[in-house]
Amino acid sequence: MEITVIAESSGNSLHPITSQLVGAACALGGSPTVVVPGGNGANEAATINGVSKVVSVVGDCFSSFDGGAWASALTPQCNGVVLAGATPNGREIAARIAAKRGIAIVQDATALSGGINITRPIYSGKAVETSSVSGDCVITLRANAFDAAGSGGSAPINIVDQSADVSVAIKEAIAKASERLDVSEADIIISGGRGIGERENFSHLEEVADMIGAAVGASRAVVDEWGMPHSMQVGQTGKTVTPSLYIAVGISGAIQHLAGMRSSKYIVAINKDPDAPIFGVADYGIVSTWEDAIPALKSALAAL
Amino acid sequence: MTIAVLLKQVPDTTAKISVSGNRVDEGAVAKWSMSPYDEYALESALQLKESGVGDLVAITAGPARCEKLLRDAAAVGADTLVHVSVDNIGALDSTQVQALLAAAVSKTGANVVFCGKQAADTNSGSTGPGVAEILNAACVTLVSEVSSDGGGFIATRPSAAGQEKVGVNSPCVFAFDKGLTEMRRPNVRGIMMAKKKPVDVWSATDLGVDLGASTVTIEAHSPPAEKPPGQKFEGADSVPTVVSKLRDEANVI
Ligand SMILES: Cc1cc2nc3c(=O)[nH]c(=O)nc-3n(C[C@H](O)[C@H](O)[C@H](O)COP(=O)(O)OP(=O)(O)OC[C@H]3O[C@@H](n4cnc5c(N)ncnc54)[C@H](O)[C@@H]3O)c2cc1C
Ligand SMILES: Nc1ncnc2c1ncn2[C@@H]1O[C@H](COP(=O)(O)O)[C@@H](O)[C@H]1O
C-alpha cells in the first residue's frame, strides 16, 4: 500500500507525532514516504525506521502558516493514503489536501487496521466510531495513540523546491501572557478548577508543575470567572489533551471537562467531595482538600 | 457583501449519547443545540454585520429538525436562512458534506464564510478548510476574533509564541475557536420575526451537486471502552502512596 506521512515539526526538530505516524504506516504494511513541510527536521525524519524516502519540500510559503498555501505546495508529493497528525495545523493541512485530491478525510483516529478500518472517538468521546474506507483517503492520527517507530534508519532525502501563493499575512504577533509550557504540548498536566478558591492559588499548582515539568491547565469555570487565559482551558470548548498524566485539582468533572481529558493515560483527581464525578474517570482518586493534598504532593515529589 | 455562517445542529453537550443496534440513537437525544463553536462564529459574524460589512446568511445541512437551528439564528439577527436538506448527514463523507455546503455558499453569493473549528458530533475540523479549498478561498482556523480592515479582514489566531493577527482578503473562510463573547440571547421581537422568516430549502439536485456514493462506510458505533475502576484513597495522608504508584505502577513520573 502506498502511504505518505506528513511530518510535523516544532521549531527545527520533529514533533514526536511524526515517528508515531510512521509506526502506524508500517503497521498497515506500508513503507511510507515522509513529506517534510519546509524541510524542518528532514534529516531526523530520514533516521526513522521503516521510512522509504524523505521528501523535503522547501519554499517561501513555509515561513509562516497558511494551510491553503502549504497544501498547494505539498499535495503533488502526497500520493496514496496520506497520514498526518491530528494537531491543529495537521488537521487543517490534511483537510485541504483531501479536498484538493477529492478524497475523503477521517480525523483523529485512535486505531487503524488493514483494509483500512479506522477507529475514532466521536461526540467528544461519548461514543466510538469504526469505519472502513475504500480507495485513497487522508487520515489524521491522535497523538500518543500509536506506537512510534524506532530510529536508526537512513532513508534518502529528496529536496523539492515548491512554493505557493500565500494569502494569510502575519500582521502582528501578540506574546503569550506567561512563558509556561502549553497544555497541548505537555506530557504531564496539572489542572485547577473552582475548588482552588481563587486565581492566586494557582501558584501552588505552578510549583508542583515546575517540579515535574508539567503544564498548568484549568476548567472553564475558572477561565471564565477569574479571567485566566483561554489557552489553559481543557475540555469541550477548550483543548483536548492526551498526556501521560493528568492531575485534576478542585475540578468536579463536568461532562464538558471530561471531553477534553478523559483519554489521558493516567488521571489523578484531588477533590474534597467523595462523590465528585471526576473520581469516575480517575485511576487514582484522593479525597482531600487541595490545601492538605498539595503540600503533601510537593514533599512526596521532592522525596523521589 | 454577504457573510455566510455554517451552523450545525448537534446533540447538546449535556445530552447523553446512547448506542443501540450499532448506531448512536439519535431518537434518544434529549436536546439538540447549535454546535458550541458555531455559536461563536455566529456571534462574531453578527458583530461584523453590525459594523456595516454586509448581510448575513445562515446555512445548515441536515434533516428536518435543523429548521429550529435556523430560526434560532434568525432570532439573533441572521438575515437569510438556507436549509440544505439531507436526511442522513452522518452517513456522508467529508467530500460530500463539503460539496453541498460549498455549493450552498456559492448559490447565496457569499464570499466570506464563518464556521466552527470543529463540530461537537464529528469533532473533525475538516469542513472549514475543505470548503475553502473548493471555493478557492483563504482559510484561517482557530480564530477568536475577526474585524474588517478596509477591503479585507484581520483575524486573531493562536501562534507558537502566543497569538497573532493575520490579514486576509475575500474570498475567505474563518473557522472559529472560542470567541471573545458568548452568543447573545434573542429578544421577544427577534423570536417573533424569526417565526415568519422564510427558509430556502435546497436539495443536492437544486444545488447541482451529484453526491455519488460515500467512500467511508460506518461499520459501527459503540459506547466508549470502560476504564477499569480506579483506586480511591481517603485524605492527604495517602498522597505519598499515590506518588509511589505513579512511579512504580504507572511509570509516569
Ligand atoms: C457548551 C459548554 C461547553 C463547556 N466547555 C467546558 C470546557 O471546555 N471545559 C470545562 O472545564 N468546562 C466546560 N464547561 C463547563 C462545565 O459544565 C462546568 O461548569 C465546569 O467544568 C466546572 O468547573 P469546575 O469543575 O472548576 O467547577 P465546579 O463544578 O464548581 O467544581 C469545583 C470542585 O471543587 C471541589 N472543591 C471545592 N473546594 C475544594 C477544596 N478546598 N479542595 C479540593 N476540592 C475542592 C468541589 O467538590 C467541586 O467538585 C462547558 C459548559 C457548556 C455548557
Ligand atoms: N451539516 C452541516 N451544516 C452546517 N454546517 C456544518 C455542517 N457540518 C459542518 N459544518 C460546519 O463546519 C464546522 C466544522 O465541522 P466538522 O468538520 O464536522 O468538525 C462546524 O462547526 C460547522 O460550522
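All figures in this text were calculated on a predicted structure; none of them were measured in a lab. (Residues numbered from 1 in each chain as written. Chains lettered and ligands numbered in written order. Predicted model: local features only at pLDDT ≥ 70, side-chain atom pairs only at ≥ 80, totals over all residues. Heavy atoms only, no water.)

How should the pairing of strand E12 (residues 162-168) of chain B be read in this particular structure?
Sheet faces and side chains relate simply in a regular strand, where the side chains alternate between the two faces. Counting buried residues in E12(B) gives 5 out of 7 residues, a clear majority hidden from the surface. The pairing of strand E13 (residues 169-175) of chain A with E12(B) spans 6 bridges and is classified as antiparallel. Within E12(B), the residue paired with Ala169(A) across the bridge is Gly167(B). Relative to E12(B), strand E11 (residues 152-159) of chain B runs antiparallel, the two being bridged by 7 bridges. Counted as the bridge partner of Ser159(B) is Gly162(B) from E12(B). Count of turn residues in the E11(B)/E12(B) antiparallel hairpin: 2 residues. (Buried < 20%, exposed > 50% of the residue type's maximum accessible area, 1.4 Å probe, protein only. Helix = DSSP H or I, 4+ residues; strand = E, 2+ residues; numbered from the N terminus. Pairing = 2+ DSSP bridges.)

When you look at the site of ligand 2 in this model, what are you seeing that I'm missing?
Residues and elements named next belong to chain B. Taken together, 18 residues form the shell around ligand 2, and within it Leu6, Asp38, Thr122, Gly125 and Thr127 come nearest. Within the contact set of ligand 2, an oxygen atom lies 2.6 Å away from a side-chain nitrogen or oxygen of Thr122. In the environment of ligand 2, an oxygen atom lies 2.7 Å from a nitrogen or oxygen atom belonging to the backbone of Gly125. Protein chains bury 98% of the 480 Å² of accessible surface belonging to ligand 2 in isolation. Listing elements by their share of the shell around ligand 2, those giving two or more residues are strand E6 (55-62) and strand E8 (112-116). A total of 3 residues in the shell around ligand 2 trace back to one element, the largest contributor, which is E6. For the shell around ligand 2, the residue count by class is 8 nonpolar, 8 polar and 2 charged. (Near = heavy atom within 4 Å. Polar contact = N/O pair within 3.5 Å; in protein donor to acceptor, adjacent residues only side chain to side chain. Areas by Shrake-Rupley, 256 points an atom, 1.4 Å probe, with all protein chains shown as cover. Nonpolar A, V, L, I, M, F, W, Y, C, P; charged D, E, K, R; others polar.)

Sorry, what's going on with the sheet that holds strand E17 (residues 266-271) of chain A here?
Strand pairing in a sheet relies on backbone hydrogen bonds, with the paired strands running either antiparallel or parallel. Here 6 strands make up an open sheet; going across it, the order is E15(A)-E14(A)-E16(A)-E17(A)-E18(A)-E16(B) and the pairing parallel. The sheet is open, and its two borders are formed by strand E15 (215-218) of chain A together with strand E16 (231-234) of chain B, each paired with just one other strand. Each strand of the sheet is rotated relative to its neighbour by a mean of 20°, with strand direction disregarded. Both E17(A) and strand E18 (residues 284-287) of chain A contribute to a ladder of 4 bridges, which runs parallel. (Axes fitted to C-alpha atoms, helices over the stretch in contact; angles between N-to-C directions.)

Looking at this structure, how should I read the sheet that holds strand E1 (residues 2-6) of chain B?
Residues and elements named next belong to chain B. Spatial strand order, E9-E13-E8-E1-E6-E7-E14: 7 strands in an open sheet with parallel pairing. Bordering the open sheet on either side are strand E9 (138-143) and strand E14 (199-202), each of which pairs with just one other strand. On average, each strand axis in the sheet is inclined to that of its neighbour by 20°, with strand direction left out of account. As paired elements, E1 and E8 share 3 bridges and run parallel to each other. Its bridge partner lying in E8, Ile3 is registered against Val112.

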